[in-house]
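# Geometric and topological summary
What follows is each chain in one-letter form.
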Amino acid sequence: MLSVHNLLVFYENALGLNDFSMEVQPGMIVGVIGSNSAGKTTLLNTLSGLILDIQLKERRKGGERITVVGQVLFEGRDISQDPPYIRARNGIVLCRERHPVFPDSTVVENLRISGYLRQRADIRKGMDLAFDLFPNLARWKRRKAGFLSGGEQQMLAIAMAMMVGPRLLLLDEPLLGLSPAMQSQLVQAIKDIRRQTGVTLVIAEQFARPLLPMLDFTYVIENGMLTLTGTGPELIENPEIKSAYFGV
Ligand SMILES: Nc1ncnc2c1ncn2[C@@H]1O[C@H](COP(=O)(O)OP(=O)(O)O)[C@@H](O)[C@H]1O
Ligand SMILES: [Mg+2]
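Summary of the structure given here. This one's a predicted model, so the numbers in the text were calculated from it and none came from an experiment. (Residues numbered from 1 in each chain as written. Chains lettered and ligands numbered in written order. Predicted model: local features only at pLDDT ≥ 70, side-chain atom pairs only at ≥ 80, totals over all residues. Heavy atoms only, no water.)

### So, the pattern of salt bridges
Tallied over the entire structure, the rule returns seven salt bridges. Linking arginine 195 and aspartate 192 is a salt bridge whose minimum nitrogen-to-oxygen distance equals 3.0 Å. Remark: aspartate 192 and arginine 195 occur in helix 8 (residues 180-197); sequence separation between them is three residues, near one turn of the helix. Its relative accessible area of 63% is what places arginine 195 among the exposed residues. Here arginine 194 makes a salt bridge to aspartate 216, at a shortest N to O gap of 2.7 Å. Of the two residues, arginine 194 sits in helix 8 while aspartate 216 sits in the loop between strand 8 (200-205) and strand 9 (217-222), which places them 22 residues apart along the sequence. The exposure class assigned to aspartate 216 is partly exposed, which follows from its relative accessible area of 28%. (Salt bridge = Lys/Arg side-chain N within 4 Å of Asp/Glu carboxyl O. Helix = DSSP H or I, 4+ residues; strand = E, 2+ residues; numbered from the N terminus. Buried < 20%, exposed > 50% of the residue type's maximum accessible area, 1.4 Å probe, protein only.)

### Details of the packing of aromatic side chains
To describe a pair of aromatic rings, you give the distance between the ring centres and the angle between the ring planes. Across all of its chains, the model carries two aromatic pairs by this definition. With a centroid separation of 5.2 Å and 70° between ring planes, the pair formed by phenylalanine 217 and tyrosine 219 is classed as edge-to-face. Residue tyrosine 219 is classed as buried on the basis of its relative accessible area of 6%. Pairwise contacts between aromatic rings join Phe20, Phe217 and Tyr219 into one cluster. (Phe/Tyr/Trp six-rings, centres within 6.5 Å; stacked < 30°, edge-to-face > 60°.)

### Quick look at the coordination of the magnesium ion (ligand 2)
At the metal site, the magnesium ion (ligand 2) is ligated by Thr41 (OG1) and Glu97 (OE), and these contacts range over 1.9 to 2.2 Å. Remark: glutamate 97 occurs in the loop between strand 6 (92-95) and helix 4 (107-114) and threonine 41 occurs in helix 1 (residues 40-48); sequence separation between them is 56 residues. Take threonine 41: its relative accessible area is 27%, and that puts it in the partly exposed class. You can call glutamate 97 partly exposed: its relative accessible area is 33%. (Donors = N, O, S within 2.8 Å, 3.2 Å for Na, K, Ca; no water.)

### Re the sheet that holds strand 5 (residues 77-78)
Taken together, the four strands give an open sheet; going across it, the order is 2-1-4-5, and neighbouring strands pair in antiparallel fashion. Each edge of the sheet is formed by a strand with only one pairing partner; in this case those strands are strand 2 (14-24) and strand 5. Both strand 1 (residues 2-11) and strand 4 (residues 66-74) contribute to a ladder of eight bridges, which runs antiparallel. When the bridges of strand 4 are listed, leucine 2 appears paired with phenylalanine 74. Packing of helix 1 onto the sheet brings it into contact with strand 1, strand 2 and strand 4, and relative to strand 1 it is tilted by some 120°. (Pairing = 2+ DSSP bridges. Contact = heavy atoms within 4.5 Å. Axes fitted to C-alpha atoms, helices over the stretch in contact; angles between N-to-C directions.)

### Some points on the layout of surface pockets
As a volume, the largest pocket reaches approximately 870 Å³. Lining the largest pocket are 29 residues, with Ala88, Val93, Leu94, His99 and Val164 sitting closest to its centre. Taken together, the elements giving at least two residues each to the lining of the largest pocket come down to helix 2 (50-60), helix 3 (84-89), strand 6, helix 4 and helix 7 (150-163). Class assignment of the residues belonging to the lining of the largest pocket gives a composition of 17 nonpolar, seven polar and five charged. (1 Å grid on protein atoms, 1.4 Å probe; cavity = no way out; pocket = protein on both sides within 12 Å on 5 of 7 lines; lining within 4 Å. Points joined across faces, edges and corners; volume = space filled by probe spheres on them. Nonpolar A, V, L, I, M, F, W, Y, C, P; charged D, E, K, R; others polar.)

### What about the nonpolar core?
Grouped together as the largest cluster of nonpolar side chains are 50 residues, with contacts concentrated most on Leu111, Phe134, Leu137 and Leu156. With nine residues, helix 7 is the single largest residue contributor to this core. Beyond its immediate sequence surroundings of up to four residues, leucine 137 is in contact with Val107, Phe131, Leu148, Glu152, Met155, Leu156 and Ala159. (Core = buried A, V, L, I, M, F, W, Y, C linked by side-chain atoms within 4.5 Å.)

In structure tokens:
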């Protein structure tokens, strides 16, 4: 479904990604694990096309020069130059790290805003799915999003991404800052997303322990470079991974 070939992202003073390649098959849940500054966000921004916007913004204000080299193929087609809105329309949707919600709008309004490009029937279906996946959101339909807890806002952000109708959903640190209880709810919801919709997922996470059991394949990156690959369960048993990411 997605192939990434020899990606290199260079931020004038820092290397974001160095010769990174990956493959994602349809229906898989693929993990990208790495410590802080490893290059996870850079990768997801490059897959979603957001990096092109950031690059343009920097160029306009005369800021740093961002260089992107390499290929991103989606269903066999090179999309490296497609802007993010085209990629979203084609089914690649990113839920950014600490993705903001509209705090003064209700849960339902937030979902409706995200589905604005879709048919009415799809919006209805999307809402049903969101409330099915996230019972907390169903409880707070008419509540302003700004009054939700951090975990509930994260759930809303993911539900909003689902409203766009992704075929490939990119999640940047979905577990970040959540309580263990919230984390396990979110892990369950991610499993349900795959089971109910068949959406393909790429999930970037630093403390990925709760995710590993369900990862079909995992890429470990350090300083923008691929250091290790394997299925989630294989990595759980890997001593280097244990010491680096689980603190044991
Ligand atoms: N807009 C930017 N300008 C300059 N350097 C950046 C920018 N974004 C990321 N970087 C650098 O690129 C590297 C990878 O960052 P990032 O992709 O955010 O890592 P992660 O998401 O794994 O924490 C880091 O060294 C970071 O400082
Ligand atoms: Mg990041």
